[in-house]
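Geometric and topological summary
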Amino acid sequence: MMDLKDLVRPNIWELKPYSSARDEFHGSASVFLDANENPYNEPYNRYPDPLQWELKDRIAELKDVDRNSIFLGNGSDEPIDLVIRAFCDPAVDCIVSITPTYGMYEVAANVNDVEFRKVTLTPDFELDADKLLAEVDEWVKIIFLCSPNNPTGNSLNRDEIYKILNNFEGIVILDEAYIDFSEEPSFLPELKKFPNLIILQTLSKAWGAAGIRLGMAFASPEIVAILNKIKYPYNVNVLTQERALDILNNETEMLRQLRSIMSERIRLQAALPELSVVNKMYPTDANFILVDVGKADSVYNKLVKKGVIVRNRNNVTLCHGCLRITVGTPEENDALLKALKSI
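In what follows, the accompanying structure is described. Because the structure is predicted, anything quoted here is derived from the model rather than measured. Starting afresh in each chain, residues are numbered from 1 along the sequence in its written order. Only residues with pLDDT of at least 70 get local features here, since the model is predicted, and only at 80 or more are side-chain atom pairs given and counted; chain-wide, interface and lining totals rely on the full set of residues. To get the side-chain values, all heavy atoms of the structure are used, and hydrogens and water are removed first.

1. Thoughts on helix H4 (residues 53-63)
Selection rule: Residue exposure (1.4 Å probe, protein chains only): buried if accessible area is under 20% of the type maximum, exposed if over 50%, otherwise partly exposed. Strands are runs of DSSP state E lasting at least two residues, helices are runs of H or I lasting at least four, and both sets are numbered from the N terminus onward. Only heavy atoms matter for contacts: two residues are in contact if any of them lie within 4.5 Å across the pair.
Every buried residue of H4 is accounted for by Leu55, Lys56, Arg58, Ile59, Ala60 and Lys63. Elements in contact with the buried residues of H4: strand S1 (70-74), strand S6 (197-202), strand S7 (214-218), helix H9 (221-230), helix H10 (238-248) and helix H11 (251-271). One or two steps after H4, the chain reaches Asp64, where phi turns positive at roughly 60 degrees.

2. Notes on the packing of aromatic side chains
Heads up, the rule is: Pairing of aromatic rings covers Phe, Tyr and Trp, the last through its six-membered ring, and needs centres within 6.5 Å; plane angles under 30 degrees mean stacked, over 60 mean edge-to-face, and all others mean tilted.
Across all of its chains, the model carries 8 aromatic pairs by this definition. Ring plane angle 50 degrees and centroid distance 4.9 Å describe the contact between Phe125 and Tyr282, whose orientation is recorded as tilted. Of the two residues, Phe125 sits in the loop between strand S3 (115-120) and helix H7 (129-133) while Tyr282 sits in the loop between strand S8 (280-281) and strand S9 (288-292), which places them 157 residues apart along the sequence. Residues Phe125 and Tyr282 agree in their burial class; the two are buried. Arranged with centres 6.2 Å apart and planes meeting at 45 degrees, the rings of Tyr162 and Phe194 form a pair that is tilted.

3. Comments concerning the layout of surface pockets
Under the convention used in this document: Throughout, the protein atoms alone are placed on a 1 Å grid, and a set of points is a cavity if a 1.4 Å probe fits but cannot get out or a pocket if it is open with protein on both sides within 12 Å along at least five of seven lines; lining residues have an atom within 4 Å of a point. Grid points are joined across faces, edges and corners, and a volume is the space filled by probe spheres set on the points. Nonpolar residues are Ala, Val, Leu, Ile, Met, Phe, Trp, Tyr, Cys and Pro. Charged residues are Asp, Glu, Lys and Arg, and all others, Gly as well, are polar. The start and end points of each domain follow an automatic or database-based domain assignment.
Reported here for the largest pocket is a volume of approximately 460 Å³. Lining the largest pocket are 24 residues; nearest its centre among them are Thr326, Val327, Gly328, Thr329 and Glu332. Taken together, the elements giving at least two residues each to the lining of the largest pocket come down to H11, strand S11 (322-326) and helix H13 (330-341). Grouping the amino acids of the lining of the largest pocket by side-chain chemistry returns 9 nonpolar, 10 polar and 5 charged. Of the domains in this structure, domain 1 (2-248) and domain 2 (250-340) are the two that each give at least three residues to the lining of the largest pocket.

4. Some thoughts on the pattern of salt bridges
Any two side chains of opposite charge can pair, given that their charged atoms come close. Note the threshold: A pairing counts as a salt bridge when a side-chain nitrogen of Lys or Arg comes within 4 Å of a carboxyl oxygen of Asp or Glu.
One pass over the structure, following the stated rule, counts 18 salt bridges. Here Glu160 makes a salt bridge to Lys163, at a shortest N to O gap of 3.9 Å. Of the two residues, Glu160 and Lys163 are both situated in helix H8 (residues 158-167); the distance of 3 residues between them amounts to about one turn of the helix. Judged by relative accessible area, Glu160 falls into the buried class, the value being 16%. Across the salt bridge formed by Glu264 and Arg267, the nearest N and O atoms sit 2.8 Å from each other. Taken together, the positions of Glu264 and Arg267, both in helix H11 and 3 residues apart, correspond to about one turn of that helix. Overall, Glu264 belongs to the buried group, its relative accessible area being 8%. Put simply, Arg22, Asp34, Glu37 and Arg46 are held in one network by salt bridges that share partners.

Set out below in C-alpha cells:
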C-alpha cells in the first residue's frame, strides 16, 4: 500500500473536522446545556453519539474486530461515497470496478466527478484479476469489488481477489453485503494483513433491517479516522442506533431466519429449472437467484400483472434475458412458482 497521506486528497488530509458538543464532552452528567437541545421530550431531544460507541462495541464482539476499525453509516451508500470523496480528486483520479455489479459504485463516482472504468467479468461471471489490474494506472486510487456479487449471486474467486490485494497499492473496497448467505468466509480476518482493504457489510440483508439504514465499513483505524473526519456529525440517528442494538442482541432470531432463507433457496434452485419458462439458472451464494428466462421484459410484465415483483436485469451487462429473484418466505416463493408456471 502507498503511504496513506499520498492516497488521501491533500485538502482532506489537512481538514480540521467539525467538532460537535458530543465530541467535546464524554461521560455522564445531570445537566446538559451545551448543545442547544430542547430540554424536554427525552431521550429523543438529545443528539446521538456521533461515533456510536455502544453499537460499535456490540459489532466488534460479533465480528471479532477492533471497534476502532469500524465505521457506521447511513446504509453502505454513505461509506461508498465518503471513500470516493476522501481518496479521489474530482476530474483527476479514477476508479476501477467490475461489470456487472452493484450500480451505486458508478453512481457515487459520477456524483463526485470521478472516472469509473469497468472491466467485464467472464461469461461465467468470474473475476479476471490480470485484466482488471491492466486498467490500473497512476490515476487509479480505488478498486471496487462485490462478493458475493450483485446481480450475479456468485462469490468471486478468492485467489483473484488476493492477487489484486497483493498487486494494487491503492484502496480496495470489498463489498460483502451478502456474505452471510455464502459458504465462503469473510475477508475480515485479512484486515491487518492488508491495510489498504475496506470491507463493507450491512444490516439490510441477513439481519433483516434494510429499513433502518445501517451500513458497516471495516478498515484500518487510520482509514476509519479519515472517514470520521469527513462524515456529517450525527450521521446515524438515535432510533437507528437503538433498533440496531436490539437486532444485534438477538442473533438467535437472525440465524433462524437465515436457515429459513437458505432452505428456501435450495427449494427454488430445485424447482426453477423444471419450469418451461426458465432457460438457465446461475449458481448463487446470496439470497437471490439470477435466472435466464429469455424474453425477460415480457416475463417480468406478466409477473407484475400477477402481483409478483422481481428485478428485471435484461439491460445489464452479461445478463440479457435475466430476472433476479429474491428468496422470500415459503408462501411468497409458492406464489412466484405458481405465477411462473402459468406463463
